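The lines below spell out each chain.
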Amino acid sequence: MSMTVADFIVERLYQWGVRRIYGYPGDGINGVFGALAKAEGKIRFIQARHEEMAAFMAAADAKFSGDLGVCIATSGPGAAHLLTGLYDARMDHMPVLAIVGQQARNALGGHYQQEVDLLSMFKDVAGAFVQQASAPSQVRHLVDRSIRTALGDRRVTAIILPNDLQTLPYEEPPREHGTLHSGVGYSRPRVVPYEEDLQRAAEVLNAGKKVAILIGAGALGAAREVTEVADVLGAGVAKALLGKAALPDDLPWVTGSIGLLGTKPSYQMMNECDTLLMIGSGFPYAEFLPKEGQARAVQIDIQADMLGLRYPMEVNLQGDAAETLQALLPLLERKTLRTWRKRIERWTAQWQTTLKRRAMAAASPINPQRVAFELSPRLPDRAVVTSDSGSCANWFARDVKMREDMLCSLSGGLASMGAAVPYAIAAKFAHPDRPVVALVGDGAMQMNNMAELITVAKYWREWQDKRWICAVFNNEDLNQVTWEQRVMEGDPKFSASQDIPSVAYHQFAESIGLKGIYVDREEDVAGAWEQALAADRPVVIEFKTDPDVPPLPPHITLAQAKAFASTLWQGDPNQGGILRHATKQVLGSILPGRGRR
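Here the structure is a predicted model, which is why all the values come from computation and not from measurement. (Residues numbered from 1 in each chain as written. Predicted model: local features only at pLDDT ≥ 70, side-chain atom pairs only at ≥ 80, totals over all residues. Heavy atoms only, no water.)

**Some thoughts on the overall build of the protein chain**
A tally of helices and strands in the protein chain yields 23 helices and 18 strands. Radius of gyration (C-alpha) of the protein chain: 25 Å, near the 25 Å computed for a compact globule of 597 residues. C-alpha extents for the protein chain along the principal axes are approximately 75 × 65 × 45 Å. Classification of the 597 residues of the protein chain by burial places 58% in the buried group. The long-range fraction of contacts in the protein chain, counting pairs at least 24 apart against all pairs at least 6 apart in sequence, stands at 74%. Of the roughly 23400 Å² of accessible surface on the protein chain, 51% is carried by carbon and sulfur atoms. If the 63 positive side-chain charges of the protein chain are averaged to one point and the 67 negative ones to another, these points end up 6 Å apart. (Helix = DSSP H or I, 4+ residues; strand = E, 2+ residues; numbered from the N terminus. Rg over C-alpha atoms; globule rule 2.2 N^0.38 Å. Buried < 20%, exposed > 50% of the residue type's maximum accessible area, 1.4 Å probe, protein only. Contact = heavy atoms within 4.5 Å. Areas by Shrake-Rupley, 256 points an atom, 1.4 Å probe, with all protein chains shown as cover. Lys, Arg positive; Asp, Glu negative; His and termini not counted. Charge placed at Lys NZ, Arg CZ, Asp CG, Glu CD.)

Here you go:
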């Protein structure tokens, strides 16, 4: 039997090292699915409940495995559904390839069923490389170039395959004018700045007396180098959310997350430093970085278009984080005066006390911060933690402590709802021997994550480590936006947009063969985590949490205080609860022993 175009594509993907494809079938891509079936398991197809979730899975697979993520969908609506997950990959600089079907070539331009201008639709999200195949001999270089571009540029790429082309006999490109003869293979280069640029950076860092370091996802895999540089410079290290797993949180000079979801010591360090070293981070919020002119600054990033973008850097170094720091280290002078480092460590220790007081403050029925706080010491070694966007991301950012050899992530640049469960599923396929925990708000569960529990039910028995836990914060409120309305806009909660129905998430889990746990008492939170981690199958824990516990920022501005006062003056439907819990949380920061039951 001759090889079809689809057969060739599957074989070529295999030659490139692709072993998993996430997606959903449809007649516009049937030829490729037929080829996957004939390939006898060379490439595993993982069936999501929805194409958007498949794209999230591909993005997460790239994050957790370090390899190319691949997703597949049919023409028309199937292709359109991929976009949100692909934008997540694009904004977090993940290499992802989307393979989508299209109507037959002769029908294009004829307003045919499910005919969508996919080239135009994908041009932004997959702008690095998006092409529609038109001839069998063309697909070789389309596959090769799309994958090499995705891996080399850390971008999203896309191939569009008309359905009639997929089943044609494959033809190698002829050796003649107007043809391309591509090949397989890509090796990431060693990217290090020139010596004179490293010397300029060292001069800035050596002159600093109060050095602050900010790391992001680009510092993942550079823990040893960051630690050595921080030690030599006597610096503290704050972490952008995508870099949360880059350094363990038990290091006394690691201040934790930065930004609106960040910690007070990170805020203090940035406000008082005289020198900033930013490594592999695109952290976007200027108000949480040093004031312009306050600090001399050096940035290291593998991508030139991210350099000098967030703060006026004195020295911009394009290079791999670990390699660049290794080259920079011999040029740095060890700071003998450690007063700055000791201040950072003191701030961090005080903050840990504050976090505990806030988490243990009583709420009705459960303080959501306590859910994350009780999880943290119980996380197994090598755990993977995912979080959704929304108020649960606050507790993930501050209260879940990463240890060495743990992984974590969420939708960073896009900050999309609905990513936590597909991320957690992809984590299991990338690392079936690791325990996985997803933290999800009830809004995201109702939007699209409940359906993906069915995907877990379909596949969990093959996972080497069966520990897969989804923790749902059920507060019947789209809580993050509710608090944004109050604190940013000065508006009371708009119940028509913010209230959502209560759903028995734990019972749904049980109905599809998973384990369900319901918790509505604070004294049962720790035990529920222990019970879930000891279960013989995936678990959904439904925590009935209080929507009135405020996700306090590390610093409350005058504008935020005025907006909050305006909210109360106008009258909020939850006014009594938010006043009571705001008082507890603030007092828990400043008075020992206050804010408890």
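There's plenty left to go through after this.
**Digging into the packing of aromatic side chains**
For any two aromatic rings, the description comes down to two numbers: the centre-to-centre distance and the angle of the planes. For the structure on display, the rule yields eleven aromatic pairs. Look at Y267 and F288: their rings are 6.1 Å apart centre to centre, the planes differ by 75°, and that puts the pair in the edge-to-face class. Here F288 lies in the loop between β10 (275-279) and β11 (296-301) and Y267 lies in helix α11 (residues 264-272), a separation of 21 residues in the sequence. In this pair, the class of Y267 matches that of F288, namely buried. With centroids separated by 5.9 Å and ring planes inclined at 90°, the aromatic side chains of W340 and W347 adopt a geometry described as edge-to-face. By relative accessible area, which is 5% here, W340 ends up buried. Classification of W347 by relative accessible area gives buried; the value is 8%. (Phe/Tyr/Trp six-rings, centres within 6.5 Å; stacked < 30°, edge-to-face > 60°.)

**A short note on the domain arrangement of the protein chain**
Domain annotation for the protein chain reports domain 1 (5-167), domain 2 (195-347) and domain 3 (361-589). Measuring from the centre of the C-alpha atoms in domain 2 to the corresponding centre in domain 3 gives 30 Å. Taken together, the 17 residues of domain 2 in the interface contact 22 residues of domain 3. When residues of domain 2 are sorted by the area they lose upon contact with domain 3, K244, L260 and L261 head the list and together hold 37% of the total. Linking domain 2 to domain 3 there are zero salt bridges. On the surface where domain 2 and domain 3 come into contact, there are eight residue pairs in polar contact (both at pLDDT 80 or more). For the side of domain 2 that touches domain 3, a count of residues per class yields nine nonpolar, four polar and four charged. (Domains from an automatic or database assignment. Buried area = accessible area lost by both parts, 1.4 Å probe. Salt bridge = Lys/Arg side-chain N within 4 Å of Asp/Glu carboxyl O. Polar contact = N/O pair within 3.5 Å; in protein donor to acceptor, adjacent residues only side chain to side chain. Nonpolar A, V, L, I, M, F, W, Y, C, P; charged D, E, K, R; others polar.)

**Things to note about helix α2 (residues 30-38)**
Along α2, the positions that sit buried rather than exposed are G31, V32, F33, A35 and L36. Of the surrounding elements, those touching the buried residues of α2 are α1 (5-15), β1 (20-23), β2 (44-47), β3 (69-73), β6 (156-162) and α8 (163-166).

**What to know about the nonpolar core**
It is characteristic of soluble globular proteins that their nonpolar side chains tend to be buried jointly. Grouped together as the largest cluster of nonpolar side chains are 62 residues, with contacts concentrated most on L86, V96, F122, M445, W468 and C470. At ten residues, the largest contribution of residues to this core is made by helix α3 (residues 51-65). When residues of this core are assigned to domains, at least three map to each of domain 1 (5-167) and domain 3 (361-589). What F122 contacts, discounting residues up to four positions off in sequence, is A79, L83, L86, V100, G127, V130 and A158. Within the second largest apolar cluster, 37 residues are counted, among which are L375, M406, L439 and L533. (Core = buried A, V, L, I, M, F, W, Y, C linked by side-chain atoms within 4.5 Å.)

**A few points about the sheet that holds strand β16 (residues 468-474)**
Overall, parallel pairing links the six strands, which are arranged β14-β13-β15-β16-β18-β17 in an open sheet. Looking at strand neighbours, the two that pair on one side only are β14 (407-409) and β17 (515-519), the edges of this open sheet. With strand direction ignored, the average angle separating the axes of adjacent strands in the sheet is 15°. Where β17 lies against strand β18 (residues 539-544), five bridges are found, and the strand directions are parallel. Paired with K515 across the strands is V539, a residue of β18. Against the sheet, helix α16 (residues 420-430) contacts β13 (384-387), β14, β15 (436-441) and β16, and its axis sits at roughly 170° relative to β15. (Pairing = 2+ DSSP bridges. Axes fitted to C-alpha atoms, helices over the stretch in contact; angles between N-to-C directions.)

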